[in-house]
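Architecture at a glance
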Amino acid sequence: MRPLEPRDYGFIGLLAAITLINPLSIHFYLPALSAIKSAFQITAATAQFTFSITMFTLAAATLAIGSLSDGFGRKPVLLGGIVLFVAGSLACAAAEAIEVLILGRLLQAAGAASGLVLARAIARDVYGLERLTQIIALLTMAYVMGPMLSPPLGGAIVDGLGWRWIFWFAAAAGAMLVVLSVFAIPETRPASGRIRSARAMLGAYRRLFRIARFSLYVLHTGCVTGAFFAVAAASSFLMTGMLGRPASEYGLYFLFFPAGYLLGNFIAARIGLRVPIDTMVMAGSVLNLAGAVALAAALWLAPPTPLGIFVPGFVITLSQGLALPSAQSGAIAVDKDLAGTASGIGVFMQMFFGAAASQATGLFADGTANPMILVVLPLAVAALAVSLALRLPGVR
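Figured I'd write up the structure that's included with this text. (Residues numbered from 1 in each chain as written. Predicted model: local features only at pLDDT ≥ 70, side-chain atom pairs only at ≥ 80, totals over all residues. Heavy atoms only, no water.)

**Details of helix H6 (residues 98-127)**
Spelled out, the test is: The numbering of helices and of strands both runs from the N terminus, where a helix is a DSSP run of H or I of at least 4 residues and a strand a run of E of at least 2. For a helix, the expected span equals 1.5 Å multiplied by the residue count minus one. Axes are fitted to the seven residues ending at a residue and to the seven starting at it; the angle between these axes is taken as the bend at that residue. Under the scheme applied here, a residue whose accessible area is under 20% of the maximum for its type counts as buried, over 50% as exposed, and between as partly exposed, the area being computed with a 1.4 Å probe on protein chains only.
In this model, H6 (30 residues) spans 44 Å end to end at C-alpha, consistent with the 44 Å of a helix rising 1.5 Å per residue. Residue Leu-118 marks the point of greatest curvature in H6, where the axis turns by about 25°. The buried fraction of H6 amounts to 24 of the 30 residues, a majority that puts the element mostly inside the structure.

**Examining the nonpolar core**
Condition: Residues belong to a common nonpolar core when they are buried Ala, Val, Leu, Ile, Met, Phe, Trp, Tyr or Cys residues joined through side-chain atoms within 4.5 Å. Residue contacts are defined here by distance: any two heavy atoms, one from each residue, within 4.5 Å place the two residues in contact.
Counting residues in each nonpolar core, the largest one holds 89 residues, and the members touching the most others are Phe-51, Leu-101, Met-372 and Val-376. With 13 residues, the top contributor of residues to this core is H6. Setting aside anything within four residues of it in sequence, one finds Met-372 in contact with Ala-230, Val-231, Ala-234, Leu-238, Leu-295, Leu-299 and Thr-361. Counting residues in each nonpolar core, the second largest holds 17 residues, with Tyr-217, Val-218, Ala-327 and Ala-389 among its members.

**Describing the pattern of salt bridges**
Stated precisely, the cut-off is as follows: Note on definitions: salt bridges are taken to be side-chain nitrogens of Lys or Arg within 4 Å of carboxyl oxygens of Asp or Glu.
Using the criterion set out here, one finds three salt bridges in the structure. When the shortest N-O distance is used, the salt bridge between Glu-96 and Arg-164 registers 3.6 Å. In this pair, Glu-96 is assigned in the loop between helix H5 (74-94) and H6 and Arg-164 in the loop between helix H8 (145-160) and helix H9 (165-184), connecting sequence segments 68 residues apart. Exposure remark for Arg-164: the relative accessible area of 25% places this residue in the partly exposed category. Asp-278 serves as the salt-bridge partner of Arg-213, at 2.3 Å between the closest nitrogen and oxygen. With Arg-213 in helix H11 (residues 212-242) and Asp-278 in helix H14 (residues 277-300), this residue pair connects regions lying 65 residues apart in the sequence. Judged by its relative accessible area of 17%, Arg-213 is buried.

What follows is the structure in structure tokens.
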């Protein structure tokens, strides 16, 4: 196996930058929730919907994008997605009604789905199975800089310039990525991986879900991602509502989350080639449950504080960063001809579980941390159960 060269890191860096349109549509928006609620005079549930609709749209779009890239090529689908993201960002920036904002968020999310799905599929095409876990860990280490920088930057923009400017910034970043992708991303799809019809797409889904290990891997990614997004979405309202802290302070505390994820990804990148995939998934699951239990203890047994939310959240995201690269590479590796479809399904599970978990915390919001905890704990238990199922001798 040849060592990675400087040109490899440049290419991987561009792939990671492409995935950053995902946090620009998700994490960058979180500090603006309270401001948008006030600007449009809407309820907390409706404001939460403007966030979770992005997750649901991302989930649905990833299924189509993965399969379309297997049929029509990675590059044209990628470019079309980024252009759609830019259009959605512009619509949100100019919105004068909540319906227009929601429409813009839909377009933003549909376009953002292309980055996360196709960066992984392109990495699979270029670097093969041997390096897939390592490359995915490197991609997500860089990708996590988006969630790390987006909330503090978004909070500062909201407090200093107003919420509309987060969308102007996202549109400019997307336009820059279009230009870079045109010149630096080649077409990488294998000729044997073509899918040209809806019937063929459905057949590809059936082919993958008949593989028990694939189903368990993508279910695991959904559970651990859902636990994180429940904490991330609820923490915005808990900080600004329950604890009365400004959006910029929330953005700074939010750094606990991506820092944990970054540390988990760093560990995965360093040892992922030597440790079996299922061992990494199990370790992440145990740590995820430990973080969920610590969150419940900190908020149920003592007066709520920012550290009571964000320190256990650090553990939850560390576990996510540790387990996800292995689970994702395990899912993508099951069929070389369907890497795009497999990647799309994996991201779908992440986004769908994330959307459902974050919306559940909004629907049952009562001004306390109870809805968040009652969503996170079952998801952490489910993730551990899935990791145990992967170790059963009959699961292939």
